[in-house]
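Single-letter residue listing:
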Amino acid sequence: MGGLSRKAFMMAKKVDDTALPYLAVDAGALLFSKPYLPPSDLAQAKIAAAGIARAYAKMGFVAVNIGRRDLAAGTEFLHTLSHDSSLPLVSANIEKADKAPFFSPFLFKKIQGLTVGITGVADHNSTLPLGNETITIVPWPTVLPALIKKLRAESDIVVVLSNYSPREN
């Protein structure tokens, strides 16, 4: 029972037995306070971003969309961060020069017998911070319609995470 009294253990077990299923996701713009960071702030901001990523992974988040602010330290930092923290990052509209997705464009999660298809899009309407010269953020209409069609065919529920303004969404 790992240090819990029998009563506390039974209460914890009861909560676990009756817990409703959940799907923890985030629309992005999570890791940095702004898209452009002065070099003097970057080292500390990366440490904080790594802590946020580890916390989200530990809390069981199954997908986090990449937002423009998340690119403040560059794409290579994000790849390393995702790998080191086991935080699953998605983005359907961040592409390499050869038009291939830079991050996983979607993922599937099984929950209560249902397959959930999850994708995300980042706002393409402003310039990218330094460290992102190898990518392009394409407008969502370029990639999302075909991807949603694919996700609908392979899942019961489709979730689109977005960093666009409420009006654009």
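Just above sits the structure.
This paragraph deals with the overall build of the protein chain. What the protein chain contains, in helices and strands, is four helices and eight strands. Ordered by position in the sequence, the α and β elements of the protein chain form the string α-β-α-β-α-β-β-β-β-β-α-β. The 169 residues of the protein chain split such that 40% are buried. Residue pairs at least 24 apart in sequence account for 76% of intrachain contacts in the protein chain once pairs closer than 6 positions are excluded. When the accessible surface of the protein chain is split by element, carbon and sulfur atoms take 59% of a total near 9800 Å².

A few words on the pairing of strand β5 (residues 106–111). The pairing of β5 with strand β6 (residues 114–121) spans six bridges and is antiparallel. Looking at β6, one finds that Leu107 is bridged to Ile118.

What follows deals with the nonpolar core. By size, the foremost hydrophobic cluster in this structure holds 27 residues, and its most contacted members are Phe32, Leu78 and Ile94. Contributing elements (two or more residues each) for this core: α2 (39–58), α3 (75–85) and β7 (135–137). Per-element tally for this core: the top contributor is α2, with five residues. Setting aside anything within four residues of it in sequence, one finds Leu78 in contact with Leu31, Ile66, Asp70, Leu71, Leu89 and Phe103.

Take the packing of aromatic side chains next. Geometry of an aromatic ring pair is reported as the spacing of the ring centres plus the angle between the planes. Applying the stated criterion across every chain yields a total of four aromatic pairs. Centre to centre, the rings of Tyr56 and Phe61 are 4.2 Å apart; their planes meet at 40°, and the pair counts as tilted. For the residue pair Tyr56 and Phe61, the accessibility class agrees, reading buried in each case. Aromatic pair Phe102 and Phe103: ring centres 5.3 Å apart, planes at 65°, arrangement edge-to-face. Phe103 shares its class with Phe102; the two are buried.

This part covers the sheet that holds strand β3 (residues 89–90). Read from one edge of the open sheet, three strands run β1-β2-β3, paired in parallel fashion. In this open sheet, the two edge strands, each paired with only one partner strand, are β1 (25–26) and β3. In terms of strand pairing, β1 meets strand β2 (residues 63–65) through two bridges, oriented parallel. Along β2, the bridge assignment pairs Val25 with Ala63.

Attention now goes to α2. With 20 residues, α2 ought to run about 28 Å at 1.5 Å a step, and its terminal C-alpha atoms sit 29 Å apart, in line with that. Along α2, the sharpest kink reaches roughly 25°, centred on Ala45. Along α2, the positions that sit buried rather than exposed are Ala45, Ala49, Ala50, Ala53 and Tyr56. Where α2 is buried, its residues contact β1, β2 and α3. Downstream of α2 by a residue or two, Gly60 has a phi angle that is positive, lying close to 90°.

What follows concerns the sheet that holds strand β8 (residues 157–162). If you walk across this open sheet you meet the three strands as β5-β6-β8, and the pairing is mixed. Here the strands that pair on one side only, and so sit at the sheet edges, are β5 and β8. Averaged over all adjacent pairs, the angle separating strand axes in this sheet is 25°, with direction ignored.

Here is what the cut-offs are and how they apply
- Residues numbered from 1 in each chain as written.
- Predicted model: local features only at pLDDT ≥ 70, side-chain atom pairs only at ≥ 80, totals over all residues.
- Heavy atoms only, no water.
- Helix = DSSP H or I, 4+ residues; strand = E, 2+ residues; numbered from the N terminus.
- Buried < 20%, exposed > 50% of the residue type's maximum accessible area, 1.4 Å probe, protein only.
- Contact = heavy atoms within 4.5 Å.
- Areas by Shrake-Rupley, 256 points an atom, 1.4 Å probe, with all protein chains shown as cover.
- Pairing = 2+ DSSP bridges.
- Core = buried A, V, L, I, M, F, W, Y, C linked by side-chain atoms within 4.5 Å.
- Phe/Tyr/Trp six-rings, centres within 6.5 Å; stacked < 30°, edge-to-face > 60°.
- Expected span 1.5 Å × (residues − 1).
- Bend = angle between axes of the 7 residues up to and from the residue.
- Axes fitted to C-alpha atoms, helices over the stretch in contact; angles between N-to-C directions.

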